[in-house]
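What follows is each chain in one-letter form.
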Amino acid sequence: LLDFKKNNIRGQGSNTRARNTLKGVEAKIQASAAKYRAAHTALKILGRSFGTVGWEGTLQVLKDEHIRGLSTGEDGKSEGRRTVSWIWQTIGVSGNENADLQESLQIEWCRSRARANRWSEEVTLLTEEMRRVLAFFASKANWWHDRASKRDGVRDDLCEGLSAYATRQASLYHALKIACKVNWIGVQKRVLEGEEKRLQHVGVSVGTVGTTK
């Protein structure tokens, strides 16, 4: 609504009506948030009394930063790192028969999937680039190592110097390969962890998206 007002509303009268509409929407949001927080507090008290556990993973504590639109990310997060607030992923949202809400959920799911696929592609490209860097350094080290012994037709007084230079170059590329491998220790583990999180996020999103009758 705020973006619509900025882009389409002109004139003092229209802006006044738009501001009043926004205030009304904000008041409803705050009232709903207060109602949820009161219910959450009551559930915590009753849960301790009756020994009910496990529900807090779904019905989380509602913070101000959680109250945002489907397409609104957290402050400071770029589009590529934007995540959907948990309030849109809870039980009951996907069962809502509001056609506009269902369409918005489906659109946001497609956007989230596109972001996940782009990041997955970036990870694939990065790991392949790392593999090629190591292969390049290994190839250059072997090439210089072979050059150290291939000195046909060279005077003896030059052969030793050329061989020493080639050996030094081979050692340099070998050291670069080792340095990269050391610096990249644990990268594959983090890649696997990220892939697991991506699949979990997609799974949650799939469960969130309902079908409109």
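## What to know about the overall build of the protein
Phase 1: In terms of regular secondary structure, the protein is built from five helices and zero strands.
Phase 2: From first element to last, N terminus to C terminus, the protein shows the α and β order α-α-α-α-α.
Phase 3: The proportion of buried residues among the 213 residues of the protein is 20%.
Phase 4: Nonlocal contacts in the protein, meaning residues at least 24 apart in sequence, comprise 60% of its contacts between residues at least 6 apart.
Phase 5: Carbon and sulfur atoms form 56% of the exposed surface of the protein, whose accessible area is close to 15600 Å².

## A closer look at the packing of aromatic side chains
Phase 1: One pass over the full model with this rule turns up five aromatic pairs.
Phase 2: Judged by centre distance (6.3 Å) and plane angle (85 degrees), the rings of phenylalanine 136 and tyrosine 173 are edge-to-face. Linking phenylalanine 136 in helix α3 (residues 99–149) with tyrosine 173 in helix α4 (residues 156–183), this pair joins segments that are 37 residues apart in sequence.
Phase 3: Centre to centre, the rings of phenylalanine 137 and tyrosine 173 are 6.2 Å apart; their planes meet at 45 degrees, and the pair counts as tilted. Here phenylalanine 137, found in helix α3, pairs with tyrosine 173, found in helix α4; they are 36 residues apart in sequence, far enough to count as distant. Each member of the pair phenylalanine 137 and tyrosine 173 is classed as buried.
Phase 4: Among the aromatic residues, ring-to-ring pairing joins Phe136, Phe137 and Tyr173 into one connected group.
Phase 5: The ring of tryptophan 143 carries the charged tip of lysine 140 above its face, separated from the ring centre by 5.1 Å.

## Let's talk about the pattern of salt bridges
Phase 1: For the structure shown, the criterion picks out five salt bridges.
Phase 2: As a salt-bridge pair, glutamate 108 and arginine 111 come within 3.8 Å of each other at their nearest N and O atoms. Of this pair, glutamate 108 and arginine 111 both sit in helix α3, three residues apart, which is roughly one turn of the helix.
Phase 3: The exposure class assigned to arginine 111 is partly exposed, which follows from its relative accessible area of 42%.
Phase 4: Several salt bridges converge on common partners, so that one network encompasses Glu108, Arg111 and Arg115.

## As for the nonpolar core
Phase 1: Counting eight residues, the largest nonpolar core consists of Phe137, Ala141, Trp144, Ala148, Ala166, Ala170, Tyr173 and Cys180.
Phase 2: For this core, the elements supplying multiple residues, two or more each, are α3 and α4.
Phase 3: When neighbours within four sequence positions are excluded, alanine 170 is seen to be in contact with Ala141, Trp144 and His145.

## Looking at α4
Phase 1: For α4, spanning 28 residues, the distance from its first C-alpha to its last is 41 Å, which sits close to the expected 40 Å at 1.5 Å a residue.
Phase 2: All of the buried residues along α4 are Ala166, Gln169, Ala170, Tyr173 and Cys180.
Phase 3: Of the surrounding secondary structure, the elements contacted by the buried residues of α4 are α3.

## Things to note about the environment of valine 123
Phase 1: Within the secondary structure, valine 123 sits in helix α3.
Phase 2: What makes valine 123 partly exposed here is its relative accessible area of 31%.
Phase 3: Sequence separation between valine 123 and glutamate 195 is 72 residues, and the spatial gap between their C-alpha atoms is 9.3 Å.

## Considering the confidence of the model for the protein
Phase 1: For the protein, per-residue confidence averages 77 on the pLDDT scale, and residues scoring 70 or more make up 76% of the total.
Phase 2: Put simply, helix α1 (residues 2–8) is where the protein has its lowest mean pLDDT, 56, and α4 is where it has its highest, 89.
Phase 3: Segment residues 204–213 is flagged for pLDDT under 50; beyond a separation of four residues in sequence, or across chains, it makes 21 contacts in the model.

## Comments concerning α3
Phase 1: An ideal rise of 1.5 Å per residue puts 75 Å on 51 residues; α3 measures up with 76 Å between its terminal C-alpha atoms.
Phase 2: Considered for burial, the residues of α3 that qualify are Leu101, Gln102, Leu105, Glu108, Ser112, Arg115, Ala116, Met130, Phe137, Ala141, Trp144 and Ala148.

## Here we look at the environment of leucine 101
Phase 1: Note on placement: leucine 101 falls in helix α3.
Phase 2: The buried category is assigned to leucine 101, whose relative accessible area is 17%.

## Structural notes on the packing of α3 against α4
Phase 1: Following both chains from N to C, one finds α3 and α4 inclined at 160 degrees, their axes separated by 8 Å at the closest point. As far as their axial angle goes, α4 and α3 are roughly antiparallel. Here α3 and α4 pass one another in a crossing that is left-handed. Of α4, the residues touching α3 (which contributes Val133, Leu134, Phe136, Phe137, Ala138, Lys140, Ala141, Trp144, His145, Arg147 and Ala148) are Ser163, Tyr165, Ala166, Thr167, Gln169, Ala170, Tyr173, His174, Leu176, Lys177, Cys180 and Lys181.
Phase 2: Here the residues of the contact of α3 with α4 sort into 14 nonpolar, five polar and four charged.

Cut-off values and rules
- Residues numbered from 1 in each chain as written.
- Predicted model: local features only at pLDDT ≥ 70, side-chain atom pairs only at ≥ 80, totals over all residues.
- Heavy atoms only, no water.
- Helix = DSSP H or I, 4+ residues; strand = E, 2+ residues; numbered from the N terminus.
- Buried < 20%, exposed > 50% of the residue type's maximum accessible area, 1.4 Å probe, protein only.
- Contact = heavy atoms within 4.5 Å.
- Areas by Shrake-Rupley, 256 points an atom, 1.4 Å probe, with all protein chains shown as cover.
- Phe/Tyr/Trp six-rings, centres within 6.5 Å; stacked < 30°, edge-to-face > 60°.
- Lys NZ or Arg CZ within 6 Å of the ring centre and 35° of its normal.
- Salt bridge = Lys/Arg side-chain N within 4 Å of Asp/Glu carboxyl O.
- Core = buried A, V, L, I, M, F, W, Y, C linked by side-chain atoms within 4.5 Å.
- Expected span 1.5 Å × (residues − 1).
- pLDDT = per-residue confidence, 0-100.
- Axes fitted to C-alpha atoms, helices over the stretch in contact; angles between N-to-C directions.
- Parallel < 35°, antiparallel > 145°, perpendicular 65-115°, else oblique.
- Left-handed = near helix turned anticlockwise from the far one by under 90°.
- Nonpolar A, V, L, I, M, F, W, Y, C, P; charged D, E, K, R; others polar.

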